Amino acid sequence: MTTITRFAPSPTGMLHIGGARTALFNYLYARRNQGKFLLRIEDTDKARSTQEAVDAILDGMSWLGLDADEPPVFQSQQAPRHVECAEEMVSRGQAFRCYATTEELQARREEGEAARAAAKQDGVSESEKQALLRKAEELLAPFRSPWRDGGEPPAQDSAYTIRLRAPDEGHIIVQDGVQGEVKVAAREIDDLILLRADGSPTYMLAVVVDDHDMGVTHVIRGDDHLRNTFRQVPIYKAMGWNVPHFSHVPMIHGDDGAKLSKRHGALSTTAYRDMGYLPEALNSYLLRLGWSHGDEEIFTLDDASKIFSIEAINRSPARLDLAKLNDVNAHFIRACDNVRLMALLEPWLEEAAGGKLDQITRTRVAAALPAMKDRGSTLPELAEAFRFLWTANTDNLNKKARKALSGESLNRLADLREAIAKVEEWSDTALQQALQSYCAENELSFGQVGPPIRAALTGGLPAPDLAPVMEWLGRDETLSRIDFHLARTDMQSE
Ligand code: GLU
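Just so it is clear, the structure is predicted and the values come from calculations on it, not from any experiment.

S.K.: I'm lost on the side chain of S49 in this one. Help?
M.R.: Along the chain, S49 turns up in the loop between strand 2 (36-41) and helix 2 (51-64). Classification of S49 as buried rests on a relative accessible area of 18%. With near-sequence residues (within four places) excluded, S49 lies in contact with P11, T12, E42 and D43.

S.K.: How should the packing of helix 16 (residues 407-421) against helix 17 (residues 428-441) be read in this particular structure?
M.R.: Any two packed helices are characterised by how steeply their axes cross, that is the angle between the axes, and by the distance between the axes. Contact pair helix 16 / helix 17: the axes reach a minimum separation of 10 Å and the direction vectors enclose 135 degrees. Viewed along their axes, helix 16 and helix 17 adopt a mutual orientation that is oblique. Crossing hand, helix 16 versus helix 17: right-handed. Side by side, helix 16 and helix 17 meet where R412, D415, L416, A419 and I420 of the first sit next to L431, A434, L435 and Y438 of the second. Taken together, the residues of the contact of helix 16 with helix 17 sort by class into seven nonpolar, no polar and two charged.

S.K.: So what exactly am I meant to see when it comes to the sheet that holds strand 8 (residues 193-195) here?
M.R.: Strands pair in a sheet through their backbones, by hydrogen bonds, and they do so in one of two ways: parallel or antiparallel. One open sheet holds the three strands; their spatial order is 4-5-8, and the pairing between them is antiparallel. For this open sheet the edge positions go to strand 4 (95-98) and strand 8, each flanked by a neighbour on one side alone. Each strand of the sheet is rotated relative to its neighbour by a mean of 40 degrees, with strand direction disregarded. Both strand 4 and strand 5 (residues 161-164) contribute to a ladder of four bridges, which runs antiparallel. By the bridge assignment for strand 5, R97 is matched with I162.

S.K.: Mind showing me how you'd approach the site of the ligand here?
M.R.: Surrounding the ligand, one finds R6, A8, P9, S10, E42, Y203, V207, R221 and H225. Within the side chain of E42, a nitrogen or oxygen atom sits 2.5 Å from a nitrogen atom of the ligand. For the ligand, the protein covers 80% of the area, taking 300 Å² as the surface of the free molecule. In a pocket analysis with a 2 Å cut-off to the grid points, the ligand is assigned to the largest pocket.

What counts and what doesn't
Residue numbering note: each chain is counted from 1, following its sequence as written. Whole-chain, interface and lining totals are the exception, using all residues; otherwise, since this is a predicted model, local features are given only for residues with pLDDT of at least 70 and side-chain atom pairs are given and counted only at 80 or more. Computation of side-chain values covers all heavy atoms of the structure but excludes hydrogens and water. Numbering of helices and strands runs from the N terminus; a helix is a DSSP stretch of H or I covering at least four residues, while a strand is a stretch of E covering at least two. Relative accessible area decides the class of each residue, using a 1.4 Å probe on protein chains only: under 20% of the type maximum gives buried, over 50% gives exposed, and in between gives partly exposed. Whether two residues are in contact is decided by their heavy atoms: any pair within 4.5 Å suffices. Between N-to-C directions, angles cover 0 to 180 degrees, with each direction set by a line fitted to C-alpha atoms, over the stretch in contact for helices. Each angle receives one of four descriptions, namely roughly parallel if under 35 degrees, roughly antiparallel if over 145, roughly perpendicular if within 65 to 115, and oblique otherwise. Each crossing gets its hand from how the near helix is turned against the far one by less than a right angle, where anticlockwise is left-handed and clockwise is right-handed. Nonpolar residues are Ala, Val, Leu, Ile, Met, Phe, Trp, Tyr, Cys and Pro. Charged residues are Asp, Glu, Lys and Arg, and all others, Gly as well, are polar. A pair of strands is labelled paired if DSSP reports no fewer than 2 bridges between them. Nearness of a residue to a molecule or strand requires only that one of the residue's heavy atoms be within 4 Å of it. Two N or O atoms form a polar contact when they lie within 3.5 Å of each other; inside protein one atom must be a possible hydrogen donor and the other a possible acceptor, and for residues adjacent in sequence the pair counts only when both atoms belong to side chains. We get accessible surface area from the Shrake-Rupley algorithm with a probe of 1.4 Å; when it comes to residues, only the shown protein chains can shield them. A 1.4 Å probe that fits but cannot get out identifies a cavity on a 1 Å grid over protein atoms alone, an open set with protein on both sides within 12 Å along at least five of seven lines counts as a pocket, and a residue lines either if it has an atom within 4 Å of a point. The rule for placing a molecule in a cavity or pocket is simple: more than half of its atoms must lie within 2 Å of the grid points.

Function cannot be read off these values alone, since they describe shape.
Structure representation (structure tokens):
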């Protein structure tokens, strides 16, 4: 049997990282088993579902490369089929028309609560107390409709809902892939509504019918859905369908151990793109957040597709750790192909440079890129590391650079300029040799020679080794940055 998994987000907001992790697990499980990964947009809640949210989900998934194997199913479009299934359950005696009104149910609940409150009052005798508690328990118990065994409607045109005739005996047992065997007593399940009084299907019915119709064999979702599963299993049984294999994955918590919420920072998947994370880094990080394979930390989708298993999903909640995400991102930046990395960096470089890059700067950045990939754990951090390539920072010299460009050092810079200008082949190696020969001839250490050139070339901005920096800047720019400082007089006496 082909393994079929699905991701079933409700389009009521962004694709949050918990959802992205669920999608990832389902994607990987399908890949691992040469199955199919499907997407269903659960847009039955008309008031809260928006096209914007649908677009955000699709955008987030496509950014992460979690492409579904078929076009998405929109749950709202399946409504006639949901109705048909509810009617089928009625005709089989598994569901029934219930004429209890919302007001009656509300009154029943209130009466139950009142009885419970009354039992706690002072001066109530023990026997009265027991009677009140029994009454409360009965009224507040999961609802079993008086119409579950049939019966006439109160009036000819009475509105009705269609409810499932919940199982009376035993337990509802789920062999969960993550939680192990979990069960509830059948009495804990109410005669749940399948079709509302306006004829619209409920979420509980829609999920089951859609999962069945899509041929879903494995449901992997957040453990906040475990309670729903106990209510969904009886619907499968009532329809005579196979129950899929369920796995309920513990939620992601913030670094303080509390459930993830807005105060933990960015929750939207694409916010990570906007902060300069690579999709493969987020995938790798989210995968480890709740799943492990020995102590390996880094996975590509391809690697993980070969080894992902439900058994290795952790049973306890994972904690978000942004420092770790940064490490993973730094890894994937270093591993990134140069051409792709240049394209990814472009908007960040423009932001750092305050406008479009000219051709010369772009060429310098591209030349420096392979050697500088380890200079940032996010794209903006990396872009910032290239700043010395488009500015000599002359108006902004820091203290160290000012010192390196004053007094004796400045005189040395003039000599050095001559030595550098004589280099014929403007390459990293030749420039390095020129600097070394200069040091040897003048019995100077590199520590005496490096600082003034570095200060002249970068104005104190962070930069890698001098020789490659000169190569990337090119002969003209290197010499003109040095000449600028040789010509200035304001610091001669410092
Ligand atoms: N639509 C539900 C949600 O977004 C998921 C339902 C499911 O996975 O069964 O939480």
